[in-house]
Amino acid sequence: MESQSIYMSTRSRHRDSAKSLSSSVVPSNGQGRRKRRRGKRGGKKRKHRAGVRRGQLKSERLAKSHLRVMYWNCRSLEQRGIVAEKLAYSCDILCLQETKLGQRKTFKVYGYQEPIYKRFGHGQVILVADGIKYSSLDLQRWSSDNLHLVGVEIYNQPVRYIVNVYACNNSMLQEDWLVLDDIQEALPGKMLICGDFNA
């Protein structure tokens with residue numbers, strides 16, 4: 001309450017000073033003319049967003065009608081877990097590569113559902129925010145030693161499938177890349193393929 005009263009008194013002082021600046025100026029002939037108060041930039045005052053939208057970021061407003069997906073090669077969540085957590089708070093689905101969590105370590109973020117892990121190789125993780133219905137995709141028949149895949153199927157969203165890809169350095173063959181085309185043909189609906197292609 002103390003900080004609020006200080007804020008109000010500061011506002012009132014600014015209001016009083018603004019009144020004094022916009023008061024009429026009386027010339028020597030006694031005929032005064034009141035100056036018009038103008039907004040910033042010399043034009044009309046800009047309209048402010050009312051209600052809840054007023055304090056929202058543009059990304060937060062777009063999130064209501066768009067799906068925000070981010071992907072990042074974190075090169076070990078043990079070392080960069082804090083950065084990955086910050087990224088998660090600005091998107092709806094986060095796909096990580098080279099998590100290096102091994103067979104037992106986990107990574108959870110508040111506001112996100114149980115992660116989907118791919119523990120083979122360097123490791124991958126997909127995080128899905130609360131409120132988004134999803135199920136894990138079985139991509140085992142397309143995965144290989146050169147191409148590591150983990151995916152989710154999401155419901156009532158602009159995209160139906162999200163596939164997190166990690167392509168191994170210097171070992172990818174032409175047939176490995178063609179697997180991505182096979183996945184798109186086998187799974188009907190809109191698909192987003194993202195990740196580290198090392199291309």
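Everything in this summary refers to the structure shown in the same document.

Parameters and conventions
- Residues numbered from 1 in each chain as written.
- Predicted model: local features only at pLDDT ≥ 70, side-chain atom pairs only at ≥ 80, totals over all residues.
- Heavy atoms only, no water.
- Pairing = 2+ DSSP bridges.
- Helix = DSSP H or I, 4+ residues; strand = E, 2+ residues; numbered from the N terminus.
- Axes fitted to C-alpha atoms, helices over the stretch in contact; angles between N-to-C directions.
- Core = buried A, V, L, I, M, F, W, Y, C linked by side-chain atoms within 4.5 Å.
- Buried < 20%, exposed > 50% of the residue type's maximum accessible area, 1.4 Å probe, protein only.
- Contact = heavy atoms within 4.5 Å.
- Lys, Arg positive; Asp, Glu negative; His and termini not counted.
- Salt bridge = Lys/Arg side-chain N within 4 Å of Asp/Glu carboxyl O.
- Polar contact = N/O pair within 3.5 Å; in protein donor to acceptor, adjacent residues only side chain to side chain.

**Some remarks on the sheet that holds strand S3 (residues 116–118)**
Across the sheet, which stays open at both edges, the four strands sit in the order S1-S2-S4-S3 with mixed pairing between neighbours. At either margin of the open sheet sits one strand with a lone partner, and together these are strand S1 (69–73) and S3. Each neighbouring strand pair of the sheet contributes to a mean axis angle of 10 degrees, computed without reference to strand direction. Alignment of S3 against strand S4 (residues 124–128), held across three bridges, turns out to be antiparallel. The residue bridging Lys118 from the neighbouring strand is Gln124, located in S4.

**Some words on the nonpolar core**
Within the largest apolar cluster, 27 residues are counted, with the highest numbers of intra-cluster contacts made by Ile93, Phe107, Ile126 and Ile162. Elements represented by at least two residues in this core include exactly helix H3 (77–88), strand S2 (93–97), S4 and strand S6 (147–154). In this structure, Phe107 is in contact with Leu77, Gly81, Ala84, Glu85, Leu96, Leu101, Pro115, Tyr117 and Leu127, ignoring residues within four places of it in sequence. Core analysis: the second largest hydrophobic core is formed by 15 residues, Val163, Val165, Ala167 and Met172 among them.

**Thoughts on the sheet that holds S6**
Taken in spatial order, the four strands of this open sheet run S5-S6-S7-S8, and their pairing is mixed. The open sheet has two edge strands with one neighbour each: strand S5 (134–137) and strand S8 (191–196). Averaged over all pairs of adjacent strands, the angle between strand axes in this sheet comes to 20 degrees, irrespective of strand direction. With seven bridges joining them, S6 and strand S7 (residues 161–167) adopt antiparallel strand pairing.

**Some thoughts on the side chain of Asp176**
In this structure, Asp176 sits in helix H4 (residues 174–186). Buried charge without a partner: Asp176 forms no salt bridge, and the closest opposite charge is Lys118, 13 Å away. Side-chain polar atoms of Asp176 contact the backbone nitrogen of Leu173, separated by 2.9 Å. Those residues within four positions of Asp176 in sequence are excluded, and the remaining contacts are Ser144, Asn146, Leu147 and Ser171.

**Details of the environment of Tyr110**
Within the element layout of this structure, Tyr110 appears in the loop between S2 and S3. For Tyr110, a relative accessible area of 74% translates into the label exposed. Taking C-alpha positions, Tyr110 is 8.7 Å from Glu85, a pair spaced 25 residues apart along the chain.

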